[in-house]
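Chain and residue survey
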Amino acid sequence: KKLNWTSVVLGLAIVGLEYRYIKVYRAGWNVSTGSLVANIGLAVILVFVGALLYKEVITVNREVGIVLCVAGIIFLNK
């Protein structure tokens, strides 16, 4: 009765993330590379989620961070 909807959503998000890790490893990615790409992707997505849902400001530092994250993913996959 007293369970908040955010607890359920957080639980589903955690299960979804772990499922994604399993699918990445089954697809043949290295453990270190797959985890790194997934975490970088999640960080970039969360910047936009924060801006859209919580009205957080995307500062110049965050923009530079996004560019560096995307560049890192590009370099990892070459």
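Residues numbered from 1 in each chain as written. Predicted model: local features only at pLDDT ≥ 70, side-chain atom pairs only at ≥ 80, totals over all residues. Heavy atoms only, no water.

Per the secondary structure count, the chain includes three helices and zero strands. Shown N-terminal to C-terminal, the secondary structure of the chain runs as helices and strands in the order α-α-α. The C-alpha atoms of the chain give 15 Å as radius of gyration, which overshoots the globular expectation for 78 residues (12 Å, by more than 25%). Along the first, second and third principal axes, the C-alpha atoms of the chain reach 50 × 35 × 15 Å. Burial status across the chain gives 14% buried among its 78 residues. By element, 70% of the accessible surface of the chain is carried by carbon and sulfur atoms, the whole surface being about 6300 Å². (Helix = DSSP H or I, 4+ residues; strand = E, 2+ residues; numbered from the N terminus. Rg over C-alpha atoms; globule rule 2.2 N^0.38 Å. Buried < 20%, exposed > 50% of the residue type's maximum accessible area, 1.4 Å probe, protein only. Areas by Shrake-Rupley, 256 points an atom, 1.4 Å probe, with all protein chains shown as cover.)

With that out of the way, let us pick up the packing of aromatic side chains. Per the counting criterion, the structure on display carries one aromatic pair. Seen from their ring centres, Tyr21 and Tyr25 are 6.4 Å apart, and the 15° between their planes marks the pair as stacked. With Tyr21 and Tyr25 both in helix α1 (residues 5-26) and four residues apart, this pair spans about one turn of that helix. A relative accessible area of 14% means that Tyr21 is categorised as buried. (Phe/Tyr/Trp six-rings, centres within 6.5 Å; stacked < 30°, edge-to-face > 60°.)

Where helix α2 (residues 31-54) contacts helix α3 (residues 60-76), the axes come no closer than 10 Å and their chain directions differ by 155°. By the angle between their axes, α2 is roughly antiparallel relative to α3. Here α2 and α3 pass one another in a crossing that is left-handed. When α2 is examined against α3, the residues Leu36, Val37, Ile40, Gly41, Val44, Val47 and Phe48 are found in contact with a partner set consisting of Ile66, Cys69, Ile73 and Leu76. Its residues placed into classes, the contact of α2 with α3 shows 10 nonpolar, one polar and no charged. (Axes fitted to C-alpha atoms, helices over the stretch in contact; angles between N-to-C directions. Parallel < 35°, antiparallel > 145°, perpendicular 65-115°, else oblique. Left-handed = near helix turned anticlockwise from the far one by under 90°. Contact = heavy atoms within 4.5 Å. Nonpolar A, V, L, I, M, F, W, Y, C, P; charged D, E, K, R; others polar.)

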